[in-house]
Amino acid sequence: MAIATYRQRTREEVIAWLQRARERKQAWEEQTELELKAMMEETRRAKESHYFEFNV
């Protein structure tokens, strides 16, 4: 006897799942944007301070 493990989801369950996925994606994009801005700011400050320029 085979036992079915698949359960058909209701429309509301699918919509809720999609909404949670969108929220996770948005949070990931915001976090990535913050990290990118921090890296760019660090690079800008290092360039302005000539810290990594050894030929000066």
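Scroll up for the structure.
Structural notes, computed from the coordinates. (Residues numbered from 1 in each chain as written. Predicted model: local features only at pLDDT ≥ 70, side-chain atom pairs only at ≥ 80, totals over all residues. Heavy atoms only, no water.)

## Remarks on the overall build of the chain
What counts, and what does not: Counting from the N terminus, the helices are the DSSP runs of H or I reaching at least four residues and the strands are the DSSP runs of E reaching at least two. Each residue's exposure class comes from its accessible area (1.4 Å probe, protein chains only) as a fraction of the maximum for that residue type: buried when under 20%, exposed when over 50%, partly exposed otherwise. Accessible areas in this description were obtained via Shrake-Rupley with a 1.4 Å probe; residue shielding takes into account the shown protein chains only.
For the chain, the helix and strand inventory stands at one helix and zero strands. Relative to its 56 residues, the chain shows a buried fraction of 2%. Here the chain has roughly 6100 Å² of accessible surface; of this, 59% comes from carbon and sulfur atoms.

## Observations regarding the pattern of salt bridges
Condition: In the sections that follow, a salt bridge refers to a side-chain nitrogen of Lys or Arg positioned within 4 Å of a carboxyl oxygen of Asp or Glu.
In total, this model carries five salt bridges according to the counting rule given. For R45, the salt bridge identified is with E41, shortest N-O distance 3.4 Å. With a gap of four residues between them, R45 and E41 both fall in helix α1 (residues 11–49), about one helical turn apart. Across the pair R44 and E48 runs a salt bridge, and its minimum N-O distance is 2.7 Å. Note that R44 and E48 are positioned in helix α1 at a spacing of four residues, about one turn of the helix. Here the salt bridges do not stand alone but share partners, grouping E41, R44, R45 and E48 into one network.

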